[in-house]
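Next come the chains, spelled out residue by residue.
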Amino acid sequence: MPDRSQTYDVIVAGGGNAALCAAITARQAGASVLLMESAPRAFRGGNSRHTRNLRAMHDKPNEVLTDAYHEDEYWDDLLRVTGGNTDESLARMTIRASSGVFGWMRDCGVRFQPSLTGTLNWVARTRFSLAAARLLSTRII
């Protein structure tokens, strides 16, 4: 239960993916943050709990990703799924910024599980997080 006598710089309503990212970013910037989530602990994180993979640009293999997923390949994939209806400058800025997402998540306590085999398709540009939302939601305040 939050301390009702305390004032917070930022109050985040909900604990889904966007809310967790906003709360963590605000906290890392030095703000005091209150995250309000009604879901029981086991169900926190919204649909992030069910996210199977993440896309991020990377120029070479690293501790999380194999192969490479270059900016132009990411851009081509984005054009394909949007039917070409994409703001190129904004998309490329986002694609480039995605290269830091795995380090940021790791620094926030997210652990990544090994790639799965069987019915789930795996490609070089995907990675599976292990209980990411639960870990993120416990490290905000």
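Worth saying up front: this structure is predicted, and the values here are computed from it rather than measured.

Q: So what's going on with the pairing of strand β2 (residues 33-36)? Which residues, and what values?
A: Relative to β2, strand β1 (residues 10-13) runs parallel, the two being bridged by 4 bridges. Paired with Val12 across the two strands is Leu35, which belongs to β2. Read as a crossover between parallel neighbours, the route from β1 over helix α1 (residues 17-28) to β2 is right-handed.

Q: Give a detailed account of the side chain of Asp77, specifying residues and quantitative values.
A: Within the secondary structure, Asp77 is located in helix α2 (residues 71-82). A distance of 2.2 Å separates a polar atom in the side chain of Asp77 from a polar atom in the side chain of Arg80.

Q: Can you break down the packing of aromatic side chains residue by residue, with the values?
A: For any two aromatic rings, the description comes down to two numbers: the centre-to-centre distance and the angle of the planes. What the rule picks out here adds up to 1 aromatic pair. Measuring from ring centre to ring centre gives 4.9 Å for Tyr69 and Tyr74, while their planes differ by 20°; the resulting arrangement is stacked. According to the relative accessible area criterion, Tyr69 is buried, its value standing at 1%.

Q: Any chance you could break down the confidence of the model for the chain for me, citing the residues and the numbers?
A: Considering every residue of the chain, the mean pLDDT works out to 79; 77% of them sit at 70 or more. Within the chain, no element has a lower average pLDDT than helix α5 (residues 132-137), which sits at 44, and none a higher one than helix α3 (residues 88-97), at 96. Contacts of residues 130-141 to residues separated by more than four positions or lying in other chains number 36 contacts, the stretch itself having pLDDT below 50.

Q: Hey, could you go over the packing of α2 against α3 for me, with residue numbers and the actual values?
A: With their axes 10 Å apart at the nearest point, α2 and α3 run at an angle of 130° to one another. As summarised for this structure, α2 and α3 are arranged oblique, according to the angle between their axes. Judged by the sense of rotation from one axis to the other, the crossing of α2 with α3 is right-handed. From α2, Glu71, Asp72, Tyr74, Trp75 and Leu78 reach across to α3, where they touch Glu88, Ala91, Arg92, Ile95 and Arg96. Class assignment for the residues of the contact of α2 with α3 results in 5 nonpolar, no polar and 5 charged.

Q: So, the pattern of salt bridges: which residues are in play, and what are the values?
A: The full count for this structure, using the stated rule, is 6 salt bridges. Note that Asp77 is salt-bridged to Arg55, the shortest N-O span being 3.1 Å. Here Asp77 is found in helix α2, whereas its partner Arg55 is found in the loop between β2 and α2, with 22 residues between them in sequence. The exposure class of Asp77 is buried, given its relative accessible area of 11%. Assessed through its relative accessible area of 37%, Arg55 is described here as partly exposed. Taking the shortest distance from any N to any O, the salt bridge between Glu71 and Arg92 comes out at 2.9 Å. Of this pair, Glu71 sits in helix α2 while Arg92 sits in helix α3, and the two are 21 residues apart along the sequence. For the pair Glu71 and Arg92, one class covers both residues: buried. A single network of salt bridges, built from pairs that share partners, joins Glu71, Asp72, Glu88, Arg92 and Arg96.

Scoring rules and cut-offs
- Residues numbered from 1 in each chain as written.
- Predicted model: local features only at pLDDT ≥ 70, side-chain atom pairs only at ≥ 80, totals over all residues.
- Heavy atoms only, no water.
- Pairing = 2+ DSSP bridges.
- Helix = DSSP H or I, 4+ residues; strand = E, 2+ residues; numbered from the N terminus.
- Right-handed = clockwise from strand over helix to strand, strands pointing away.
- Polar contact = N/O pair within 3.5 Å; in protein donor to acceptor, adjacent residues only side chain to side chain.
- Phe/Tyr/Trp six-rings, centres within 6.5 Å; stacked < 30°, edge-to-face > 60°.
- Buried < 20%, exposed > 50% of the residue type's maximum accessible area, 1.4 Å probe, protein only.
- pLDDT = per-residue confidence, 0-100.
- Contact = heavy atoms within 4.5 Å.
- Axes fitted to C-alpha atoms, helices over the stretch in contact; angles between N-to-C directions.
- Parallel < 35°, antiparallel > 145°, perpendicular 65-115°, else oblique.
- Left-handed = near helix turned anticlockwise from the far one by under 90°.
- Nonpolar A, V, L, I, M, F, W, Y, C, P; charged D, E, K, R; others polar.
- Salt bridge = Lys/Arg side-chain N within 4 Å of Asp/Glu carboxyl O.

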